[in-house]
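Notes for the structure review
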Amino acid sequence: MLDFRTMRHELAETYDLAPNPELAEEMKDLYAKMDRVVSPPDWAVAAPYVRAINRLKKEKNAVILAHNYMTPDIYHGVADFVGDSLQLAIKATEVEADTIVQCGVHFMAETSKILNPSKTVLIPDMEAGCSLANSIGAAGIEQMRAQYPGAPVVTYVNTTAEEKAHSDICCTSSNAAAIVRALPEDTVIMAPDQYLAQNVARQVPEKKIVWWNGACVVHERFTAQDLKDYRNWNPDTTIIAHPECPPEVVDESDFSGSTSGIINYVREHKPSQALLVTECSMASNISDELPEVDFVGPCNMCPFMKKITLEKILWSLHAGVDEVEVEPDVAEKARVAVQRMIDLSRELGI
Ligand code: 13P
Ligand code: SF4
C-alpha cells in the first residue's frame, strides 16, 4: 500500500515539482500533442513531473511501456512506447534497458516480467488490477478442462501469470479470433472474458466455443441502446467498439478491434464524428493528432488504469518500487502460453 505522505514529502524534498508556467512554455512542443484536452494550468502542474521522470529514466536506464488507456500527460509526456496488450508484450521482449516501468495494469507488468525475466519490472501502483484477471483462477481453468476434455484453453492476456500457466495459449483482443481459428480442435475453451469469447464465436462459427463468465467493468457498461441513441442523433457518427463489449453492442458498431486497432481505424478513416466504445483516455490521446474528428460519447474510465499517475511514476523510478516478481516455475509455464501466442500471431501476419 502506497504511503502518500511519505511519497509526497520525499519527492518534494528531492525534485523541483512546483507548478511552473515558464517550464510549461519551454516544453510547449510536448504540450502541443495534448493542448486540446489538457488545460494550460494542468500542464503547468504536470510539466515538472514530466521533466523529472524523463531525467530519471535516463539516469536509471529505464524505459516506460504505456498502454493506450494512460492519460495524455503519460501517453505523450513520458512513455517511450505506447500500444495495445499484444504490442506491449512484443515490445517487452525487445527491451534492452535495465528497468521497465509498466504504465498499465498488473497483468501487463507480469507479462513483461515473464517475457524478459532478467529485467527489473516496476509498476507505479500494485493495486492497478483488472476485473478480468483472477476472475477464473487456476482452479476454474482446471474445472473447465474437466468439463470439456481435450479442448484447448485459450486465456485472454488479461489474466494472472498463474492462470496463464494453466492455459495452452494466450490471446489478446487483436488476435483472439485468428488464434482460435488456427487451433486444430473443434471445441475451444476461452477464459475469462465471456464477451470476447461470444464475439469470437460469431467470427469463428465453425468451432464450438465455451467460456467463463468474466467481464470487463468498463466495457460491460455500454449498451446497444446507448449506441442507437448516438446514431439517431447523428446518423454519420462512426462507432468503434472494443471486443470486450457485449455482442449486441459490437453489432451496433461500424468496426471492432483492439485499442490500437481502434486508433488505427480512426487515423485511417478520419470520420467527422467518432464514438469510441472503450476507455475514455483513448479519444483524449488522439484528439490533437486528429482535430478534424469530433469525439463524442460517455467517459467510461478504467478505475485500475487510472491508478497510474505522473506522481506515482516518479515515485516508482525514484524508489525502485513496486517490483513485479513471478515465481520462476509459474513464469516458465506462462511463458510457453504467451510465446505461443506471439509466434502464432507472427505466423498469421498479425
Ligand atoms: P487491448 O489489448 O485492446 O489494448 O486491450 C486491453 C484492455 O485491457 C482493454 O480493456
Ligand atoms: Fe481490465 Fe477492463 Fe480495465 Fe482493461 S479496461 S484493464 S479489461 S478492467
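Residues numbered from 1 in each chain as written. Chains lettered and ligands numbered in written order. Predicted model: local features only at pLDDT ≥ 70, side-chain atom pairs only at ≥ 80, totals over all residues. Heavy atoms only, no water.

Let's talk about the sheet that holds strand β3 (residues 99–103)
- Spatially, β2-β1-β3-β4 is the arrangement adopted by the 4 strands of the open sheet, whose pairing is parallel. For this open sheet the edge positions go to β2 (81–83) and β4 (120–122), each flanked by a neighbour on one side alone. Looking at each pair of strands side by side, their axes are set apart by 20° on average, direction ignored.
- Bridge count for strand β1 (residues 62–67) against β3 is 5 bridges, and the pairing is parallel. Note that in β3 the partner of Leu65 across the bridge is Gln102.
- Taken strand by strand, helix α7 (residues 106–115) contacts β1, β3 and β4, and its axis lies near 155° from that of β3.
- Along the sheet face, helix α16 (residues 310–319) touches β1, β3 and β4 and points at about 160° away from the line of β3. (Pairing = 2+ DSSP bridges. Helix = DSSP H or I, 4+ residues; strand = E, 2+ residues; numbered from the N terminus. Axes fitted to C-alpha atoms, helices over the stretch in contact; angles between N-to-C directions. Contact = heavy atoms within 4.5 Å.)

Brief notes about the state of the cysteines
- Enumeration over the complete set of coordinates arrives at 1 disulfide.
- Through a disulfide, Cys280 is tied to Cys299; the S-S separation comes to 1.8 Å. As the torsion about the S-S bond is roughly -110°, the Cys280-Cys299 disulfide counts as left-handed. Taken as a pair, Cys280 in the loop between β11 (273–277) and α15 (281–287) and Cys299 in the loop between β12 (294–296) and α16 lie far apart in primary sequence, 19 residues in all.
- With no disulfide of its own, Cys103 lies 14 Å from the sulfur of Cys302, the closest cysteine sulfur.
- Of the residues examined, Cys103 reaches a relative accessible area of 0% and is grouped as buried. (Disulfide = S-S within 2.5 Å. Buried < 20%, exposed > 50% of the residue type's maximum accessible area, 1.4 Å probe, protein only.)

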